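# Observations on the three-dimensional arrangement
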Amino acid sequence: MLRNNKIGIIGLGYVGLPLAVEFAKQYKVFGYDINAKRINQLKAGFDHTKEVSEHDLNAVITPVCTTPKGLYFTDEVEKLRACTIYIVTVPTPVDKNNRPDLSPLINASLLIGQVLKKGDIVIYESTVYPGVTEDECMPVLEKVSGLRFNVDFFAGYSPERINPGDKLHTVANIRKITSGSNAQTAEIVDALYSSVITAGTFKADSIKVAEAAKVIENAQRDINIAFVNELAMIFNKLGIDTHKVLEAAGTKWNFLNFRPGLVGGHCIGVDPYYLAQKAQEAGYHPEIILAGRRINDSMGAYVADQFIKKMICKGTSLIEAEVLVLGFTFKENCPDVRNTRVIDIVRRLQEYKVKVHIHDPWANPEHAKNAYGVICENGESKKRTYDGILLAVAHEEFRTMDLKSLCKPDAVLYDLKAFLPDSIVTARL
């Protein structure tokens, strides 16, 4: 019986926690994370990612691990030994040279190998290039456990499709790709996810197909956004409002509705590098994928330069000029600062010797300080006036802020997201 399986979720971030909560409604779930502080917060019903509400979390939490269903949080590896299915939801970042960093995935595999038993299934959800699950993770599991892959234990791959901050497209409402290391495992993995994903599942032909499908989802979005970013730079030189052009073009039924902007976060700004790495290993140099990455990675500096040009045209002296950047997270209405490209704007502005202040009601100041060395002033930022304000992230809170009261007489108000009323905006991307 599928319901008799105990499920271990390894990694309780933006992907793992919502998945654990969904499974815990029907199964016994062990939620594991190496971060003891995170475990203690979750036990108390608090999720700093804001992906799961306190009500939904408390509805499934169990204080002991012996209940027939519900979610038990732990940072003790031995507690996972009771599980028969393990689901890995750790991050897969890139290093400073944009090369895939598989260390979180390898470490998770090392951990599972310690408790792996005959008949167990290990499912990976982390975004990877084709071949990682079978070629990189399985040898680790075999070495640590002493068991044989596809003889003693089995594997699956079901790529995450979490959209941080999106309360409409939640984990159960997004169709899920599934796959297994053999036909029987593929059936079990598909049945497992089908039991909790109301939007349904799609069983891929193989693990490698599922891995490839995931990585091209975000590469495709990256390339499309790079195209409109390039259009924005062209139309800026031609003196044409990019958003008015896109609005007009959008009247055609098959026009793809992408908007220019920064491309950060843990998916779109990272995943194309995974595909590019594998392509280069296979002897092919990807042109379009990397061209799109170059354009999107350059947008922060481009926006900052345009902003500074407007300030100069207003006669503002840049030395000691006060600038307010609105928003620091990688996307609107979400607290995630991982791989935020707003930092590119901040660093470029600092090169001009202006004083940069950051206001973001969503960002965790501690996370921003630890990851980037910047201070989100928030309350203090509203107590002064500025020579320029740059809206970088379209948080709903900014819609009702009295931005004009924060502006000096000739201040520039730059709206990167085309979010604010035309009447108060000086320039847009």
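Bear in mind that the values here come from a model prediction, so they are computed numbers and not experimental data. Along every chain, residues carry numbers that run from 1 in the direction the sequence is written. pLDDT decides what is reported in this predicted model: residues at 70 or higher carry local features, side-chain atom pairs at 80 or more are listed and counted, and totals for whole chains, interfaces and linings draw on all residues regardless. As a rule here, side-chain values come from all non-hydrogen atoms in the structure, and water together with hydrogens is ignored.

### Some details on the overall build of the protein chain
Note the threshold: Only DSSP runs of H or I with at least four residues qualify as helices, and only runs of E with at least two residues qualify as strands; both kinds are numbered from the N terminus onward. For every residue, the accessible area (1.4 Å probe, protein chains only) is compared with the maximum for its type, and the residue is labelled buried under 20%, exposed over 50%, or partly exposed between those bounds. Residues are treated as being in contact if the distance between any of their heavy atoms lies within 4.5 Å. Each accessible area is a Shrake-Rupley estimate made with a 1.4 Å probe; only the visible protein chains count as cover when residues are assessed. A residue counts as positive if it is Lys or Arg and as negative if it is Asp or Glu; His and the chain ends are not included. A single reference atom marks each charge: NZ on Lys, CZ on Arg, CG on Asp, CD on Glu.
Broken down by element type, the protein chain carries 13 helices and 13 strands. With the principal axes as the frame, the protein chain shows a C-alpha extent of 75 × 50 × 40 Å. Counting the 429 residues in the protein chain, one finds 54% classified as buried. In the protein chain, 71% of the contacts between residues at least 6 apart in sequence involve partners at least 24 apart. Within the structure as shown, the protein chain displays about 19,100 Å² of accessible surface, and the carbon and sulfur contribution to it stands at 54%. Here the protein chain carries 51 positive and 51 negative side-chain charges, and the mean point of each set is 1 Å from the other.

### Comments concerning helix 9 (residues 271–281)
For helix 9, the complete set of buried residues consists of Asp-271, Pro-272, Tyr-273, Tyr-274, Leu-275, Ala-276 and Ala-279. Among the structural elements, helix 7 (207–238) and helix 10 (288–297) are those in contact with the buried residues of helix 9. A positive phi of about 95 degrees marks Gly-283, the residue just after helix 9.

### Looking at the sheet that holds strand 4 (residues 85–88)
Under the convention used in this document: When DSSP finds two or more bridges between a pair of strands, those strands are recorded as paired. Structural elements are reduced to axes, namely lines fitted to C-alpha atoms, with helices fitted over the stretch in contact, and the angle between N-to-C directions of any two is expressed from 0 to 180 degrees.
Read from one edge of the open sheet, six strands run 3-2-1-4-5-6, paired in parallel fashion. Since the sheet does not close on itself, it has two edges, and those belong to strand 3 (70–74) and strand 6 (154–157), each with one partner. Here the average twist between neighbouring strands, direction ignored, is 20 degrees. Pairing geometry for strand 2 (residues 28–32) and strand 3, over five bridges, is parallel. What sits directly across from Tyr-32, in strand 3, is Thr-74. Across the sheet, helix 5 (residues 132–145) lies against strand 5 (121–124) and strand 6, angled at about 140 degrees from strand 5, the strand it touches most. Lying over the sheet, helix 6 (residues 183–194) contacts strand 1 (6–10), strand 4, strand 5 and strand 6, oriented at roughly 65 degrees with respect to strand 5.

### Overview of the nonpolar core
The condition that has to hold: Joining through side-chain atoms within 4.5 Å is the link that ties buried Ala, Val, Leu, Ile, Met, Phe, Trp, Tyr and Cys residues into a set, and such a set is a nonpolar core.
With 40 residues, the main nonpolar core has Leu-80, Leu-105, Ile-112 and Tyr-124 as its most contacted residues. Put simply, the parts of the chain that give this core at least two residues each are strand 2, strand 4, helix 4 (103–113), strand 5, helix 5, strand 6, helix 7 and helix 9. Apart from the residues lying within four places of it in its own chain, the contact partners of Ile-112 are Ile-10, Tyr-86, Val-88, Val-122 and Leu-141. Ranked by size, the runner-up nonpolar core spans 36 residues in total, among them Leu-262, Leu-349, Val-356 and Cys-376.

### Details of helix 5
For clarity, the cut-off: The span you would expect from a helix comes to 1.5 Å times its residue count less one.
Compared with an ideal rise of 1.5 Å per residue, which puts 14 residues at 20 Å, helix 5 spans 19 Å between its outermost C-alpha atoms and is within 8% of the ideal. Looking at the buried side of helix 5, the elements it contacts are helix 4, strand 5, strand 6 and helix 7. A positive phi of about 80 degrees marks Gly-146, the residue just after helix 5.

### Let's talk about the packing of aromatic side chains
Formally: Stacked, tilted and edge-to-face pairs are distinguished by plane angle, under 30 degrees for stacked and over 60 for edge-to-face with tilted covering the rest, among Phe, Tyr and Trp rings (Trp via its six-membered ring) whose centres lie within 6.5 Å. The criterion is that NZ of a Lys, or CZ of an Arg, lies within 6 Å of the ring centre and within 35 degrees of the ring normal, and then a charge sits over that ring.
Under the definition given, this model contains seven aromatic pairs. Aromatic side chains Phe-23 and Tyr-193 sit 5.6 Å apart centroid to centroid with 65 degrees between the ring planes, which places their arrangement in the edge-to-face category. Separated by 170 residues along the polypeptide, Phe-23 in helix 1 (residues 16–24) and Tyr-193 in helix 6 bring together distant segments of the chain. A residue is classified by how much of its surface remains accessible, and Phe-23, at 0% relative accessible area, is buried. By way of ring pairs, the aromatic residues Phe-23, Tyr-27 and Tyr-193 are connected into one cluster. Between Lys-50 and the ring centre of Trp-362, over which it is positioned, the NZ or CZ distance is 4.6 Å. Sitting over the face of the ring of Trp-253, Lys-252 holds its NZ or CZ atom 4.4 Å from the ring centroid.

### Thoughts on unusual backbone geometry
In this structure, Lys-50 takes a positive phi of about 65 degrees despite not being glycine. Relative to the elements of secondary structure, Lys-50 occurs in the loop between helix 2 (36–43) and helix 3 (54–60). Judged by its relative accessible area of 42%, Lys-50 falls in the partly exposed class. Of note in this structure, Asn-339 is not a glycine but carries a positive phi near 55 degrees.

### Looking at the sheet that holds strand 11 (residues 386–391)
With parallel pairing, the five strands of this open sheet are ordered in space as 10-9-11-12-13. The two strands at the open ends of the sheet, each matched to only one other strand, are strand 10 (355–359) and strand 13 (427–428). Judged from the five bridges that link them, strand 11 and strand 12 (residues 407–415) form a sheet pairing that is parallel. Bridging across to strand 12, Ile-389 finds its partner in Leu-413. Here helix 11 (residues 299–313) sits on the sheet and contacts strand 9 (322–326), strand 11, strand 12 and strand 13; the angle it forms with strand 12, its principal contact strand, is near 155 degrees. Strands strand 9, strand 10 and strand 11 of the sheet are contacted by helix 12 (residues 342–351), whose axis makes an angle of about 155 degrees with strand 10.

### Describing the environment of Gly-300
For Gly-300, the location among the structural elements is in helix 11. Residue class for Gly-300 comes out buried when judged on its relative accessible area of 1%. Residues Gly-300 and Lys-353, 53 residues apart in the sequence, show an inter-C-alpha distance of 17 Å. Beyond its immediate stretch of four places on either side in the chain, Gly-300 contacts Leu-262, Asp-344 and Ile-345.

In short, shape yes, function no, at least from these values alone.
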